[in-house]
Amino acid sequence: MEFREVVRRRRMVRSFEPRPIPPQVVDRVVRTTLRGPSAGFTQGTELLVLDAPDQLARFWGAVSPDRGFDRAGWPGVYNAPLVVVPFAHKAAYLARYAEPDKGWTGPNGLPDERRWPVPFWYVDAAFAAMLALLAAVDESLGALFFGIRDPAALRAAFGVPDAFDPIGAIAIGYPAPDRPSRSLRRGRRPLDEVVHRGSW
Ligand SMILES: Cc1cc2nc3c(=O)[nH]c(=O)nc-3n(C[C@H](O)[C@H](O)[C@H](O)COP(=O)(O)O)c2cc1C
């Protein structure tokens, strides 16, 4: 599919057919997800990939014990045969940027957090999430990025170390008809309102 077509077709899909994704397709989506840029080529983003029914049941039990998507009118989210969770790993970036070629250390030679203009570990994890959303479209799949309200519950369910922050989760599957989000009524902001050409 043409890149522009992939971008144009991407939307958050909130209902999936309950059928599995072939393993080779899952592999391609996962590989593409990790093909993005990373600050200092730290490659600090790590993924939890869940595509077996028991894994998915454990995931939803941990992150959605109140079945919130049911109540929101999107029960088909729970049919997703694949969930990818990108984790940001701050410690990997502090260590990488304390290496001699970066030297983001304080007077004591230890990583200096004040050197960080923005948390690159979240930037990189978000790049990965975007690639997952686009890779899904490219494979004729749909995807939903959604927030994880209780990261501790997710970590506990899958043995994830505390140092890893889930930036959200991506449910992926074959799209089924769904109700559009009410947020879309806001409309897309016009270009000249958000683009500041030459100066702000
Ligand atoms: C950081 C982030 C968090 C989001 N969290 C949720 C969520 O928890 N539940 C949900 O249904 N959609 C969530 N969305 C999807 C947005 O509502 C959606 O991207 C937006 O309305 C634009 O729609 P579109 O992606 O279909 O173009 C999230 C999107 C982003 C980027």
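Just above sits the structure.
Just so we're clear, the structure is a prediction, and the values are computed from it rather than from any experiment. Each chain has its residues counted from 1, following the order in which its sequence is written. Where local features are concerned, this predicted model is filtered to residues with pLDDT of at least 70; where side-chain atom pairs are given and counted, the filter is 80 or more; whole-chain, interface and lining totals use all residues. To obtain the side-chain values, all non-hydrogen atoms of the structure were included, while hydrogens and water were left out.

> Break down the site of the ligand for me, with residues and values.
A cutoff of 4 Å decides nearness: a residue is near a molecule or strand if any of its heavy atoms lies inside that distance of it. The ligand sits among Arg10, Arg11, Met12, Arg14, Leu144, Phe145, Phe146, Gly147, Ser183 and Leu184. Identification of polar contacts relies on pairs of N or O atoms within 3.5 Å, with a donor-acceptor requirement for protein atoms, meaning one able to donate a hydrogen and the other able to accept it, and with residues adjacent in sequence counted only if both atoms are side-chain atoms. Between the ligand and Arg10 there is a distance of 3.0 Å, counted from an oxygen atom to a side-chain nitrogen or oxygen. One nitrogen or oxygen atom from the main chain of Gly147 is found 3.2 Å from an oxygen atom belonging to the ligand. Here, Shrake-Rupley sampling with a 1.4 Å probe gives the accessible areas, and only protein chains in the shown set may cover a residue. About the coverage of the ligand: the protein hides 58% of its 620 Å² of free accessible area. Throughout, the ten residues Ala, Val, Leu, Ile, Met, Phe, Trp, Tyr, Cys and Pro are labelled nonpolar, Asp, Glu, Lys and Arg are labelled charged, and all others, Gly among them, are labelled polar. Class assignment for the residues of the shell around the ligand results in 5 nonpolar, 2 polar and 3 charged.

> Describe the environment of Pro100, listing the residues and the values that go with them.
Strands are runs of DSSP state E lasting at least two residues, helices are runs of H or I lasting at least four, and both sets are numbered from the N terminus onward. With respect to the element layout, Pro100 can be found in the loop between α5 (90–97) and α6 (120–138). It is 36 Å that separates the C-alpha atoms of Pro100 and Ser199, two residues lying 99 residues apart in sequence.

> Could you give me a rundown of the packing of aromatic side chains, with the residues and numbers involved?
Working definition: rings of Phe, Tyr and Trp (its six-membered ring) pair if their centres are within 6.5 Å, and the pair is stacked with planes under 30 degrees apart, edge-to-face with planes over 60 apart, and tilted otherwise. Evaluation of the coordinates by the stated rule reveals 16 aromatic pairs. Centre to centre, the rings of Phe59 and Phe146 are 6.4 Å apart; their planes meet at 70°, and the pair counts as edge-to-face. Here the residue Phe59 occupies a position in helix α3 (residues 53–63), and Phe146 occupies one in strand β3 (residues 142–146), the gap between them amounting to 87 residues. Relative accessibility thresholds used throughout: buried, under 20% of the residue-type maximum; exposed, over 50%; partly exposed, between the two (1.4 Å probe, protein chains only). Using a relative accessible area of 0% as the deciding quantity, one classes Phe59 as buried. Judged by its relative accessible area of 9%, Phe146 falls in the buried class. Between Trp60 and Phe146 the ring centres are 5.6 Å apart and the planes differ by 20°, which places this aromatic pair in the stacked class. Remark: Phe146 occurs in strand β3 and Trp60 occurs in helix α3; sequence separation between them is 86 residues.

> How would you summarise α3 if you had to cite specific residues and measurements?
Listed as buried for α3 are Leu56, Phe59, Trp60, Ala62 and Val63. One side of α3 holds all its buried residues, which, seen down the axis, span an arc of 160°. Turned more than 90 degrees away from the buried face of α3 sit Pro53, Asp54 and Ala57, all of them exposed. Next to the buried residues of α3 lie β1 (46–50), α4 (68–71), β2 (82–88), β3, α7 (151–158) and β5 (169–173). Here the arc refers to the directions that run from the helix axis out to each C-beta atom. We call two residues contacting when some pair of their heavy atoms lies within 4.5 Å.

> Which residues make up the nonpolar core, and what values do they have?
Residues belong to one nonpolar core when they are buried, are Ala, Val, Leu, Ile, Met, Phe, Trp, Tyr or Cys, and are joined through side-chain atoms within 4.5 Å. Formed by 27 residues in total, the largest nonpolar core has its most connected members in Phe59, Trp60, Phe146 and Leu154. Contributing elements (two or more residues each) for this core: β1, α3, β2, β3, α7 and β5. Per element, the largest residue contribution to this core is 5 residues, and it comes from α3. Excluding residues within four positions of it along the chain, Phe59 makes contact with Leu50, Ser64, Val83, Val85, Phe146, Ile148, Leu154, Phe158 and Ala169. If you look at the next biggest cluster of nonpolar residues, it comprises 17 residues, including Val25, Val84, Leu133 and Ala135.

> Please provide a residue-by-residue account of the packing of α5 against α6, values included.
Note on geometry: axes are lines fitted to C-alpha atoms, helical ones only across the stretch in contact, with angles between N-to-C directions running from 0 to 180 degrees. Where α5 meets α6, the closest approach of the two axes is 8 Å, and the angle between their N-to-C directions is 120°. Considering the angle they form, α5 stands oblique to α6. Pair α5 / α6 crosses with right-handed handedness. In contact with Lys90, Tyr93, Leu94 and Tyr97 of α5, α6 contributes Phe120, Trp121 and Asp124. For the contact of α5 with α6, the class distribution of residues is 5 nonpolar, no polar and 2 charged. Roughly parallel means an angle under 35 degrees; roughly antiparallel, over 145; roughly perpendicular, 65 to 115; everything else is oblique. The handedness criterion is simple: a crossing whose near helix is rotated anticlockwise from the far helix by less than a right angle is left-handed, and one whose near helix is rotated clockwise is right-handed.

> Account for the side chain of Ser15, naming residues and giving values.
Along the chain, Ser15 turns up in the loop between α1 (3–9) and α2 (23–33). Here Ser15 falls in the buried class, since its relative accessible area comes to 12%. Look past the residues within four positions of Ser15 in its chain and what remains in contact with it is Gly76, Val77, Tyr174, Pro175, Ala176, Pro177 and Asp178.

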